[in-house]
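Inside the fold
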Amino acid sequence: MSDMGMIINGERTAAAASFDVTNPSTGDVVGTAPNATLQDLDKAVAAAKTAFETWSKKTDAELAAACEAVAAKIGEHAEELALLLTREQGKPLNGLGSRFELGGAQAWAGYTAGLSLPMKVLQDDNEGRIELHRNPVGVVGSITPWNWPVMIAVWHILPAVRTGNTVVIKPSPYTPLSTLRLVEIMNQVLPAGVVNAITSDDQLHNIGAAMAAHPDIRKMVFTGSIGTGKKVMMTAAETMKRLTLELGGNDAGIVLPDVDPKQIAEGLFWGGFINNGQTCAAMKRLYVHEDVYEDVCSALVEYARNIPVGDGLDEKSVLGPIANQMQFDKVKRLVDDAKTKGRVLLGGEPGEGLYFSPTIIADLTNDDPLVAEEQFGPALPIIKYSDIEEVIGLANDSENGLGGSVWSKDIVKAKEIARRMQCGSVWINKHGAIQPNAPFGGVKSSGLGVEFGEEGLAEYTDIQVVYS
Ligand code: NAD
């Protein structure tokens, strides 16, 4: 059992109440997390505000060194954090699971440590000198989802701290423990108050909404659903907070007629089923040209049917259960509907508890809810098309605009189509491969702003221009 405390001003801090966290693989209670009150939130924000006074005055080299130290700490505790993550989230230790997530978290932290936003001279002549400085904004409020909780916490915390801000993070009630421990570990090398973590079951108090409204939080970085993101944006307007919103996606993959179906099957599968499909930029709709339709369907099913699904703690598992009942119910509803309209090629039936083996359903259309809605689970719809113009229209016919992919032997043609897709990232012959040196974000309702790279770092700063 992991009974964690909130981390406020460097101290493990209990709340008056707590809530249970369960293992999706077994239903067993893994541990308890504190159920924060609004006063707890105030304490965490006050600690971050006080720490900002000194943290924001650190030199660039000091901030970089502190982030390097955080990256090293994550590496040191990677296995412990991976085990905790698997217990509360369900994802396997192996495959693209918890160990992979911890590896990513350490890599992102290290890369972000090495980024910098030096002062720029915009003009320096007889008429005068103009300098562009980037100042930290203040206390950053971070709200994270349950799908990649450790990695996303790092994506929020590291750029904030690297640019001289301080942080209060609130993880999802489904996966609070790994974030509490992550922040506790970070506090071994950071001054008290620079990174604080509080947790809530979202029932006792809506701590997320209170953060978006808090007058002493100057920026919100939010990763989650479009619906909640819109609420954060509306609430944050009152205090004119800076916002980075990384929201939902319904990424389309377009397969052109010139592919070798067997060659792309593995990439298509992991594009759609990484983390059981519970990934913002997973491929959630697959459009296949009629000439290769049946062959692509068969190759994909052939690959998918051999994937070991089981308890996340079993070293042999490559996919685990769906992470929580709420998401399981959503996937089941969408699959049940799709079964009445399309052709089930694989799966389609839930297993024990929260298990739902990979499901592939062909012959669907954009009007079917499994295609139109973000399923965020292990169920991929396949849609047949005959004309390129038609399929680009179908792919763009969505309020989402996070990612997309084109699959073809003709890279030039694939890129032309990719450039016409309305989304923040597009991949050729792969899907969802993000990197710390490339800005990532959504267009349309999939978000506001970007993360990663210098562009992502800049979002944690206010520009100040000095004329002399
Ligand atoms: P969610 O929107 O339900 O919850 C996200 C977080 O918001 C949780 O911590 C939750 O406690 C908190 N929250 C709930 N109500 C709130 C309120 N009124 N104000 C502020 N915060 C509130 O999302 P989820 O189910 O945890 O995550 C799945 C979604 O996240 C999917 O749509 C997925 O595509 C998206 N996502 C996007 C990215 C990205 O980078 N674009 C990455 C991962 C996940």
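Residues numbered from 1 in each chain as written. Predicted model: local features only at pLDDT ≥ 70, side-chain atom pairs only at ≥ 80, totals over all residues. Heavy atoms only, no water.

**What about the overall build of the protein?**
Summing up its helical and strand segments, the protein has 15 helices and 21 strands in all. The C-alpha radius of gyration computed for the protein amounts to 23 Å, which stays within 12% of the reference 23 Å derived for 468 residues, consistent with globular compactness. With respect to the principal axes defined by its C-alpha atoms, the protein has extents near 65 × 65 × 40 Å. Going through the 468 residues of the protein one by one, you find that 58% of them count as buried. Counting only contacts in the protein whose residues sit at least 6 apart along the sequence, the fraction spanning at least 24 positions is 72%. Of the accessible surface of the protein, which amounts to about 18,100 Å², a share of 52% is contributed by carbon and sulfur atoms. Charge separation in the protein, taken as the distance between the mean sites of 40 positive and 59 negative side-chain charges, equals 2 Å. (Helix = DSSP H or I, 4+ residues; strand = E, 2+ residues; numbered from the N terminus. Rg over C-alpha atoms; globule rule 2.2 N^0.38 Å. Buried < 20%, exposed > 50% of the residue type's maximum accessible area, 1.4 Å probe, protein only. Contact = heavy atoms within 4.5 Å. Areas by Shrake-Rupley, 256 points an atom, 1.4 Å probe, with all protein chains shown as cover. Lys, Arg positive; Asp, Glu negative; His and termini not counted. Charge placed at Lys NZ, Arg CZ, Asp CG, Glu CD.)

**Here we look at the site of the ligand**
The immediate surroundings of the ligand are formed by 30 residues, with Thr144, Asp202, Ser225, Leu247 and Glu374 found nearest. For the ligand, an oxygen atom lies 2.9 Å from a polar atom in the side chain of lysine 170. The fraction of the free accessible surface of the ligand (860 Å²) that becomes covered by protein chains is 90%. Most atoms of the ligand, that is more than half of them, are within 2 Å of grid points of the largest pocket. Taken together, the elements giving at least two residues each to the shell around the ligand come down to α7 (207-213), β11 (219-223) and α8 (226-237). Top contributing element to the shell around the ligand by residue count: α8, with 3 residues. Residues of the shell around the ligand, tallied by class, amount to 14 nonpolar, 11 polar and 5 charged. The residues that make up the shell around the ligand include at least three from each of domain 1 (2-247 + 443-467) and domain 2 (251-428). (Near = heavy atom within 4 Å. Polar contact = N/O pair within 3.5 Å; in protein donor to acceptor, adjacent residues only side chain to side chain. 1 Å grid on protein atoms, 1.4 Å probe; cavity = no way out; pocket = protein on both sides within 12 Å on 5 of 7 lines; lining within 4 Å. Sits in = over half its atoms within 2 Å of the grid points. Nonpolar A, V, L, I, M, F, W, Y, C, P; charged D, E, K, R; others polar. Domains from an automatic or database assignment.)

**Some remarks on the packing of aromatic side chains**
Across all of its chains, the model carries 11 aromatic pairs by this definition. Centroid distance tryptophan 155 to phenylalanine 452: 4.8 Å. Interplanar angle 70°. Geometry classified as edge-to-face. With tryptophan 155 in helix α5 (residues 149-162) and phenylalanine 452 in the loop between β20 (447-448) and α15 (453-458), this residue pair connects regions lying 297 residues apart in the sequence. Here the two residues tryptophan 155 and phenylalanine 452 agree in accessibility, since each one is buried. Seen from their ring centres, phenylalanine 269 and tryptophan 270 are 4.9 Å apart, and the 85° between their planes marks the pair as edge-to-face. On the basis of relative accessibility, which here comes to 0%, the residue phenylalanine 269 falls in the buried class. Through a chain of ring-to-ring contacts, three or more aromatic side chains come together here, namely Trp108, Trp155, Phe440 and Phe452. Lying across the ring of tryptophan 148, lysine 91 places its NZ or CZ 3.7 Å from the centre. (Phe/Tyr/Trp six-rings, centres within 6.5 Å; stacked < 30°, edge-to-face > 60°. Lys NZ or Arg CZ within 6 Å of the ring centre and 35° of its normal.)

**Details of the pattern of salt bridges**
Under the defined criterion, the tally for this structure stands at 26 salt bridges. Here glutamate 79 makes a salt bridge to arginine 99, at a shortest N to O gap of 2.8 Å. You can see glutamate 79 sitting in helix α3 (residues 78-89) and its partner arginine 99 sitting in helix α4 (residues 98-113), a full 20 residues away along the chain. The exposure class of arginine 99 is partly exposed, given its relative accessible area of 29%. Here lysine 332 and aspartate 336 are joined by a salt bridge, their closest N and O atoms 2.7 Å apart. In this pair, lysine 332 and aspartate 336 both sit in helix α11 (residues 325-339), 4 residues apart, roughly one turn of the helix. For lysine 332, a relative accessible area of 29% corresponds to the partly exposed category. When salt bridges that share partners are traced, they join Arg12, Glu80, Arg181 and Glu184 into one network. (Salt bridge = Lys/Arg side-chain N within 4 Å of Asp/Glu carboxyl O.)

**Section: the pairing of strand β14 (residues 283-289)**
Of all 7 residues in β14, 7 are buried; the element is thus mostly enclosed. Two elements, strand β13 (residues 251-255) and β14, share 5 bridges in a ladder whose sense is parallel. Counterpart to aspartate 251 in the pairing with β14 is methionine 283. Handedness of the crossover joining β13 and β14 through helix α9 (residues 261-273) is recorded here as right-handed. Across 4 bridges, β14 lies against strand β17 (residues 379-385) in parallel orientation. Across the sheet, residue tyrosine 287 finds its bridge partner in β17, namely isoleucine 383. (Pairing = 2+ DSSP bridges. Right-handed = clockwise from strand over helix to strand, strands pointing away.)

**Some points on the environment of glycine 277**
One can find glycine 277 in the loop between α9 and β14. By relative accessible area, which is 3% here, glycine 277 ends up buried. Expressed as a C-alpha distance, the spacing of glycine 277 and valine 309, which sit 32 residues apart in the sequence, is 13 Å. Apart from residues no more than four positions distant in its own chain, glycine 277 is found in contact with Gly272, Ala282, Lys284, Phe376 and Gly377.

**A word on the sheet that holds strand β5 (residues 29-35)**
In space, the 3 strands of this open sheet follow the order β1-β5-β4, with mixed pairing throughout. Two strands in the sheet have a free side with no partner beyond their single neighbour: β1 (2-3) and β4 (17-22). Across 6 bridges, β4 lies against β5 in antiparallel orientation. Within the sheet, the bridge partner assigned to aspartate 20 lies in β5 and is threonine 32. Relative to the sheet, helix α6 (residues 176-186) contacts β1, β4 and β5, its axis offset from that of β5 by approximately 65°. (Axes fitted to C-alpha atoms, helices over the stretch in contact; angles between N-to-C directions.)

Bear in mind that shape data such as this cannot, by itself, settle questions of function.
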